[in-house]
Amino acid sequence: QQATNAFDGFSSNSDEPVNIEADRLDVRDKDQAAVFTGNVVVTQGESRLETKALTVFYTGGATADAPASSRSIRRLEADGGVVVISKDQKATGNTGVFDMASNTIVMTGGVTVSQGPNVIRGDRLFVDLTKQTSRIETGGNTGRVRGLFLPNKGTPGAPPRN
Amino acid sequence: VDAAAQAQQPPANDLASSLTAGRNDDPNARMLVEAAEVLYDYDKETVSAIGDAVIYYDGSVLQADRVIYDQKNGRLRATGNVRLLERDGNVIHSESLDMSDDFAQGFVQSLQVETAARTNFAATSAQRKDGRITVFENGVYSACATCKDNPDRPPLWRVRAARIISDQQEKMVYYEDARLEFFGVPIAYLPFFQHPDPTVKRKSGLLVPTYIASSELGFGVRVPYFWNIAPNKDLTITPTVMSRQGLMLEGEWRHRLLNGAYTIRAAGVFQADSDAFPASPFGAADEDARGAFQTRGEFAINQHWEWGWNINLLSDKWVLDDYNLWGSGWNEAISTIYLTGLEDRSYFDLRGYYFLGLSSDDRQKELPVVFPLVDYNRVFDQPVLGGEMTFSANFTSLRRLEGDFEPTSPGNTLALNSTTNYTCNSFTVDCLAPGIAGNYTRASADLQWRKQIIDRIGQVWTPFAFVRGDMIWRDPSDTVGNASFMSTDQEFYTRGMAGAGLEYRFPLVAANALGTHTVEPIAQFIARPNEQHIGEAPNEDAQSLFFDDTTLFAWDKFSGWDRVEGGGRANIGLQYTWQMPAGTMINVLFGQSYHLFGLNSFARSDAAGTGLDSGLEGDTSDYVARFFVQASPNFALASRFRLSEDDFNAEATEIEGRFSRGRLTSSLMYARYDERPRLGFTDVREGILTSNRLNLTENVYLRAGALYDIERDEFSNTSFGLGYLDECFDLEVTYATDYSRDGNKERVHQMFVKLSLRTLGDANISTSIDTDSDSTF
Amino acid sequence: CLRPLYGDTSPAPGNQNVRDRLSAIEVQEATNRIDQQIRNDLIFAFTGGAAAPEPLYRLRVETNDALQSAVVDPFTSRPTTETYALDATFRLDRIGSTDGKPVFQGRAFGRASYDRSRQRFATIRARRDAEDRAADVVAQQITTQIAAHLATNP
């Protein structure tokens, strides 16, 4: 039961097609960026991302019909409430930055990561997909990170429940 | 999601109060983790909470600098000033802790545990198995709090053991290879030792033995076994083995029911060496089998009515004192059965009495058996004729086998003892009969009316009236003793009394800087016919007549129903009350009583001599006064006087003071009663009773008490105590000398040592040193 | 200067109704014979035997008692004269007051002595009479203190 493989779907080395739908698309070719706004839904394999505004930075030229899939995506910036869902795992926050180069994801603003009965809440989520670790931190103020778990019943060392 | 997380975290007070007996885990309890930072590691499947992490789970709280939760193996590893607050209130401090995620299995490194009962364990390491048993390796147990400013100073006492096993299911703590240490110095080696878990209130088992050493009993040990049959039933069997008197067996049964509780206790012994006790009539030398039986019960019938009994049967007068059973200082063993009702403004009591006199001068046949004895008193709720109407009644019926005759004025040389029944003819001089042999029954009823009228200028007028009737059946046994007091033939007669009167009070008040002053002149006038049949019947319940400030304004100054005051009388007094702003109150009363007309009931005495030397025999009575001072809670003075009306000689003086300031609390009572030869008090009685306590330090205190007989210029009894008391240890050493008891001149010196280690048990050793007798104990 | 406690001709306007305010005191129910004796005395002292109006105050009296004697016969170890000591604390609250602060509180105590003899029945009845006498003194002291307080704090 991998708490964060919800993000694996977006790691750059996955070969699944990325499909983005939105109400509107503005392309700013000189910045090599495509801005999707209004009910933006990004799906790749079993993972799915919903947000209000998504800015995709890519390398190489952009064409109107399939800008994201044919270019390598350098960076995704989601804003105005981000929800990432994959199987029974879910992560939400105000903003989300997916940096394909460093293979890391940073979500900020009331971040909540839940997976089955387990939930963790904090101010910032920092995920390192290569090291397969993720860290939830408070935003430096007096807040606390809070996690809620259903302990492993049965004898210790039993295979993890799914 | 946030609301769900919040609901799961039990509020703080739930944790402390969730002291469930066993460890019935809540199967779907969730674990709440709080920290500055939470780190997930997916390969190792661990969640690390870093930065004063707190984990709440099923009533327990784990705090540490860092907690790693290994989800794959279900283990929790905490490191860095770890503090585990368990559901049952125990607090474990340690450097590192490794336990299962349901907090049931754990292995703790160098820990310190404080239990809910404020006792604490410390150990190099501890292993907890299936949530029940905690095994401490070379652990230390103590009920003393560790010293705050220098924690490794050894506490006053502790038990150090190779292994301490605390079983929370069985509620027991076991020690292997243990040593009891005082201030870190081992004083007792206990290979195997156990005691109930401190949180246990009732548990079967041996109670702490008591050691006995006395010249009459020899050496002995008394070992009680407590059997906790049920939460509301228990039985304590206590054998006592004594070197000189053999085995004594004692049993106490206690049973609590829904509406009340009762106890039965008994003790019996076949004395091996009865000659150790004084010969009769001062001791039980000639009795081998001795015993005592007592049962008490109290049951509530409803919110206002209850009934009960307190019955004592003894084989002889001295068994309780000789084997110091059930407390000391038994002058008499009064058995009674009662039914009592207390309503809003009425009171009813039906009871019977059986008296066992335990003093040397008591002769059992001279004490009456009283049954039935009925008292009823009711104040009418609604005003009658605009005033308060009170009805009260009494029915007394008693039987006495032998007359009780007492010599009065000096010059009677006959030494009193209880083997022969004296009559007045045995004495060469005057004699009284406080107890007439035979049967006596009286039924009385009394109706009183009073009304308080305040006129315009503030004078308080209280007209009152009363009427009363008695029916008396008198059947004195026709012995020579009785005949010298009253005719001994059976007789029934009635006696009546009626009266009317007025009480006048004019309270005046003034308030100034010094406080509030109230001055109150009081005058009371009563007109009644003469008292009839004085002395023709025994006086059983009105023998004591103590004329003082409390009887000055009583409509009937007699203390019981057997006598009734007659004739015209005026009672005059002045009362002054001063209430200072700081709260101090001073109350003074001074007054005198005047016999106006008719027969002065106090000038004619009855068989018991009531009224003689009372200060009321003359037309003008003695003066009576009281002077009370109450200065905040820690100083009070109550003094009362009766001064003779001709030369102001102090007939009766009582001065009582209570004082506490800072560390000293003391109370003192001085009393002096002038001779009352016609009542048998041939010389002045004067004494001082004092008890004091001085807290030398917060824990160490000194106690001293004494009763000094000024007339005999000797101490009647003294007791000195030195004690140490703190949260885990209680030691008191008391040295007491007791006055000679039961006529023999021997003074008893006793030394009591009471030692108690909280939660472990207490021991008390008492030795009585009879300095006057040859034996060393 | 001294003026009648209950008089209505005195200058202090509110003074006349000291009796009315006294009779509006409801005395809390008693749980034993001695407390009931105090309560009965207080009710008469407050109302003078007339019917009590709607209560405005509530009076609570807590008592504890003891027996003490300084003269004990050394041969029989029995006290020959004994004093019944009754101590009471009382607290007067206005009914319906929410601040929990009492209108007035204080202490009172009564002492009554009696002779003890070999006849234990006579001793028990003498002590019962002393209990009543001490209760009457306590009731009197409470009444005097409350009346004086009401008279001087309208």
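Each chain has its residues counted from 1, following the order in which its sequence is written. The lettering of chains begins at A and the numbering of ligands begins at 1, in the order of writing. Thresholds applied to this predicted model are a pLDDT of at least 70 for local features of residues and 80 or more for the giving and counting of side-chain atom pairs; totals over whole chains, interfaces and linings are not thresholded and use all residues. Side-chain calculation: all heavy atoms of the structure are included, whereas hydrogens and water are not.

**Some details on the overall build of chain B**
Next, step 1: Where helices and strands are cited, they refer to DSSP runs of H or I of at least four residues and of E of at least two residues respectively, numbered from the N terminus. Counting secondary structure elements, chain B contains four helices and 45 strands.
Next, step 2: Here the term buried applies to any residue with accessible area under 20% of the maximum for its type, exposed to any over 50%, and partly exposed to those in between, with areas from a 1.4 Å probe on protein chains only. The 777 residues of chain B split such that 50% are buried.
Next, step 3: Two residues qualify as a contact provided that any one of their heavy atoms is within 4.5 Å of a heavy atom in the partner residue. For chain B, contacts bridging at least 24 residues in sequence account for 49% of all contacts bridging at least 6.
Next, step 4: Surface accessibility in these figures is a Shrake-Rupley result with a 1.4 Å probe; residues are shielded only by whichever protein chains are displayed. Carbon and sulfur atoms provide 59% of the accessible area of chain B, an area that totals close to 34000 Å².

**A few points about the overall build of chain C**
Next, step 1: Per the secondary structure count, chain C includes three helices and five strands.
Next, step 2: By the compact-globule yardstick of 15 Å for 154 residues, chain C is too spread out, its C-alpha radius of gyration being 19 Å.
Next, step 3: Seen through its C-alpha atoms, chain C measures out along the principal axes to roughly 65 × 35 × 30 Å.
Next, step 4: Classification of the 154 residues of chain C by burial places 65% in the buried group.
Next, step 5: For chain C, the accessible area works out to roughly 5600 Å², and carbon and sulfur atoms hold 49% of it.
Next, step 6: Within this scheme the basic residues Lys and Arg register as positive and the acidic residues Asp and Glu register as negative, but His and the chain ends are omitted. One atom stands in for each charge, and that atom is NZ of Lys, CZ of Arg, CG of Asp or CD of Glu. In chain C, 20 side chains carry a positive charge and 19 a negative one; their mean positions are 3 Å apart. The globule rule used here is 2.2 Å times the number of residues to the 0.38 power, and the radius of gyration it is set against is calculated over C-alpha atoms.

**Description of the sheet that holds strand E3 (residues 57-73) of chain C**
All names here are of chain C.
Next, step 1: Following DSSP output, two strands are said to pair if at least two bridges run between them. The sheet built from four strands is open, its strands ordered E2-E3-E4-E5 with mixed pairing. The open sheet has two free edges, formed respectively by strand E2 (25-27) and strand E5 (104-115), since each of these has just one partner strand. The mean angle between the axes of side-by-side strands here comes to 25°, regardless of whether they run parallel or antiparallel.
Next, step 2: Looking at chain direction, E3 and strand E4 (residues 78-94) are connected through 15 bridges and run antiparallel. The residue bridging Leu59 from the neighbouring strand is Leu92, located in E4.
Next, step 3: An axis is simply a line fitted to the C-alpha atoms; with a helix, the fit covers only the stretch in contact. Between two such axes, the angle follows the N-to-C directions and lies from 0 to 180 degrees. Here helix H2 (residues 33-47) sits on the sheet in contact with E2, E3 and E4, set at roughly 125° to E3.
Next, step 4: Docked against the sheet, helix H3 (residues 120-152) engages E2, E3, E4 and E5, running at close to 155° with respect to E5.

**Brief notes about the packing of aromatic side chains**
Residues and elements named next belong to chain B.
Next, step 1: Two aromatic rings from Phe, Tyr or Trp, using only the six-membered ring of Trp, form a pair when their centres are within 6.5 Å; if the ring planes differ by under 30 degrees the pair is stacked, by over 60 it is edge-to-face, and anything between is tilted. Evaluation of the coordinates by the stated rule reveals 26 aromatic pairs over all chains.
Next, step 2: Note on Phe405 and Phe485: the rings are 6.2 Å apart at their centroids and 25° apart in plane angle, and the pair reads as stacked. Within this pair, whereas Phe405 is found in strand E26 (residues 404-407), its partner Phe485 is found in the loop between helix H4 (480-483) and strand E31 (491-505), the two being separated by 80 residues in sequence.
Next, step 3: Under the relative-accessibility criterion, Phe405 is labelled buried at 4%.
Next, step 4: Look at Phe485 and you get partly exposed, because its relative accessible area is 24%.
Next, step 5: Taken together, Tyr262, Phe299, Trp307 and Trp309 form an aromatic cluster joined through their ring pairs.

**Digging into a nonpolar patch on the surface**
Residues and elements named next belong to chain B.
Next, step 1: Only residues whose relative accessible area exceeds 30% and that take part in no salt bridge are eligible for patches, with like-charged residues grouped when within 9 Å of each other and nonpolar side chains (Val, Leu, Ile, Met, Phe, Trp, Tyr) grouped when within 5 Å. A pair is scored as a salt bridge if a Lys or Arg side-chain nitrogen falls within 4 Å of a carboxyl oxygen belonging to Asp or Glu. A surface patch of nonpolar side chains, amounting to about 830 Å² of accessible area, comprises Phe635, Phe659, Leu664, Leu694, Leu696, Leu702, Phe720, Leu722, Val733, Tyr735 and Met751.
Next, step 2: Put simply, the parts of the chain that give the nonpolar patch at least two residues each are strand E42 (714-725) and strand E43 (729-738).
Next, step 3: Note on placement: Leu694 falls in strand E40 (residues 685-695).

**Some words on the confidence of the model for chain B**
Atomic detail in the predicted coordinates should be set aside for any region of low pLDDT.
Residue and element names in this part refer to chain B.
Next, step 1: One number per residue, pLDDT, summarises how confident the predictor is, and it ranges from 0 to 100. Put simply, chain B has an average pLDDT of 84, and 90% of its residues get 70 or more.
Next, step 2: Low pLDDT, under 50, characterises residues 1-24; the stretch is placed with 32 contacts to residues that sit more than four places away or in other chains.
Next, step 3: Within the model, the stretch residues 770-777 combines pLDDT values under 50 with 18 contacts to residues more than four positions away or in other chains.

**Things to note about the interface of chain B and chain C**
Next, step 1: Taken together, the contacts link 105 residues of chain B with 71 residues of chain C.
Next, step 2: Interface of chain B and chain C: buried area, both sides summed, is about 7300 Å²; carbon and sulfur atoms make up 55% of it.
Next, step 3: Between Arg676 of chain B and Asp115 of chain C there is a salt bridge, with the nearest N and O atoms lying 3.0 Å from each other.
Next, step 4: Pairing of N or O atoms within 3.5 Å defines a polar contact, subject to two protein rules: one partner must be a possible hydrogen donor and the other a possible acceptor, and residues neighboring in sequence count only if both atoms are side-chain atoms. Linking chain B with chain C are 33 residue pairs in polar contact (both at pLDDT 80 or more).
Next, step 5: Looking at side-chain class alone, the side of chain B that touches chain C contains 43 nonpolar, 31 polar and 31 charged residues.
Next, step 6: As judged from the two bridges shared by strand E32 (residues 508-512) of chain B and strand E1 (residues 3-4) of chain C, these two strands associate in the antiparallel manner. Across the sheet, the residue bridging to Leu508 of chain B is Pro4 of chain C, located in E1 of chain C. Note on terms: buried area is the combined drop in 1.4 Å-probe accessible area of two parts once they are placed together, counting the loss on both. Residues are sorted three ways: Asp, Glu, Lys and Arg are charged, Ala, Val, Leu, Ile, Met, Phe, Trp, Tyr, Cys and Pro are nonpolar, and all the rest, Gly among them, are polar.

**Comments concerning H3 of chain C**
Given 3.6 residues to a turn, an α-helix orients residues that are three or four positions apart in the same direction.
Next, step 1: If you check H3 of chain C, its first and last C-alpha atoms are 48 Å apart, about what 33 residues at 1.5 Å a residue would give, namely 48 Å.
Next, step 2: Along H3 of chain C, 28 of the 33 residues are buried, which leaves the element largely enclosed by surrounding structure. Each helix should span, by expectation, one fewer than its residue count multiplied by 1.5 Å.

**Description of the environment of Glu565 of chain B**
Residue and element names in this part refer to chain B.
Next, step 1: Assignment of secondary structure puts Glu565 in the loop between strand E33 (515-527) and strand E34 (568-579).
Next, step 2: The exposure class assigned to Glu565 is buried, which follows from its relative accessible area of 1%.
Next, step 3: Taking the C-alpha atoms as reference points, Glu565 and Ser274, 291 residues apart in sequence, are found 53 Å from one another.
Next, step 4: Apart from the residues lying within four places of it in its own chain, the contact partners of Glu565 are Met497, Arg528, Trp555, Asp556, Lys557, Phe558, Ser601 and Phe602.

**Here we look at the pattern of salt bridges**
Next, step 1: For the structure shown, the criterion picks out 71 salt bridges over all chains.
Next, step 2: Asp548 of chain B is the salt-bridge partner of Arg133 of chain C, the closest N and O atoms lying 3.5 Å from each other. Here Arg133 of chain C is found in helix H3, whereas its partner Asp548 of chain B is found in the loop between E33 and E34 on a different chain.
Next, step 3: In this structure, Arg91 of chain C engages Asp93 of chain C in a salt bridge whose closest nitrogen and oxygen atoms are separated by 2.8 Å.
Next, step 4: Classification of Asp93 of chain C as buried rests on a relative accessible area of 13%.
Next, step 5: Taken together, the shared-partner salt bridges connect Asp548, Asp549, Arg626, Arg640 and Glu654 of chain B together with Asp129 and Arg133 of chain C into one network.

**What about the packing of H2 of chain C against H3 of chain C?**
Residues and elements named next belong to chain C.
Next, step 1: At a closest axis distance of 8 Å, the pairing of H2 and H3 adopts a crossing angle of 40°. The angle between the axes of H2 and H3 places the two elements in the oblique class. In this structure, H2 crosses over H3, and the sense of that crossing is right-handed. Contact residues: Arg33, Ile34, Gln37, Ile38, Asp41, Leu42, Ala45 and Phe46 in H2; Arg128, Glu131, Asp132, Ala135, Asp136, Val138, Ala139, Ile142, Thr143 and Ile146 in H3.
Next, step 2: Along the lines of polarity and charge, the residues of the contact of H2 with H3 split into 10 nonpolar, two polar and six charged. Small angles under 35 degrees read as roughly parallel and large ones over 145 as roughly antiparallel, with 65 to 115 read as roughly perpendicular and the rest as oblique. Here a crossing is called left-handed whenever its near helix is offset anticlockwise from the far helix by less than a right angle, and right-handed whenever the offset is clockwise.

**A look at the environment of Arg128 of chain C**
Next, step 1: Residue placement: Arg128 of chain C occurs in helix H3.
Next, step 2: Arg128 of chain C sits 44 residues away from Tyr84 of chain C along the chain, and the two C-alpha atoms are 9.4 Å apart.

**Description of the nonpolar core**
Next, step 1: By convention a nonpolar core is built from buried Ala, Val, Leu, Ile, Met, Phe, Trp, Tyr and Cys residues, the set being connected through side-chain atoms within 4.5 Å. In this structure, Leu54 of chain A together with Met31, Leu62, Leu76, Phe103, Trp157 and Tyr175 of chain B are the most contacted members of the largest nonpolar core, which totals 75 residues.
Next, step 2: When neighbours within four sequence positions are excluded, Leu54 of chain A is seen to be in contact with Ile20, Ala34, Val35, Phe36, Val40, Val42, Leu76, Glu77 and Ala78 of chain A.
Next, step 3: In this structure, Ile34, Phe90, Phe104 and Ala147 of chain C belong to the second largest nonpolar core, which totals 37 residues.

**Observations regarding the side chain of Asp622 of chain B**
Residues and elements named next belong to chain B.
Next, step 1: With respect to the secondary-structure elements, Asp622 resides in strand E36 (residues 620-631).
Next, step 2: On the basis of relative accessible area, Asp622 is assigned to the buried category, the value being 7%.
Next, step 3: Among the polar contacts made by the side chain of Asp622, one reaches the main-chain amide nitrogen of Glu645 at a distance of 3.1 Å.
Next, step 4: With near-sequence residues (within four places) excluded, Asp622 lies in contact with Phe547, Gly591, Gln592, Gly615, Arg642, Leu643, Ser644, Glu645 and Glu651.

**With respect to the confidence of the model for chain C**
Next, step 1: Residues at a pLDDT of 70 or more form 94% of chain C, whose mean pLDDT is 88.
Next, step 2: Interface scoring of the predicted complex returns ipTM 0.71; its pTM is 0.74.

**Section: the pairing of strand E2 (residues 24-28) of chain A**
Looking down a regular strand, the side chains alternate between one sheet face and the other.
Residue and element names in this part refer to chain A.
Next, step 1: Pairing of E2 with strand E3 (residues 33-44) involves five bridges; the strand directions are antiparallel. Considered in E3, the bridge of Leu25 is made with Phe36.
Next, step 2: Taken together, E2 and the strand that follows it, E3, pair antiparallel across an intervening segment of four residues, in which Gln32 is found at a positive phi of about 50°.

**Let's talk about unusual backbone geometry**
Next, step 1: Here Phe371 of chain B and Pro372 of chain B are connected by a cis peptide whose omega angle stands at -5°.
Next, step 2: Inspection of the secondary structure puts Pro372 of chain B in strand E24 (residues 369-379).
Next, step 3: Positive phi outside glycine occurs at Asn39 of chain A, with the angle close to 45°.
Next, step 4: Tracing the backbone through its elements, the reader meets Asn39 of chain A in strand E3.
Next, step 5: The backbone phi angle of Asp713 of chain B is positive, close to 50°, even though this residue is not glycine.
Next, step 6: Topologically, Asp713 of chain B is positioned in the loop between strand E41 (700-709) and E42.
Next, step 7: Of the residues examined, Asp713 of chain B reaches a relative accessible area of 55% and is grouped as exposed.

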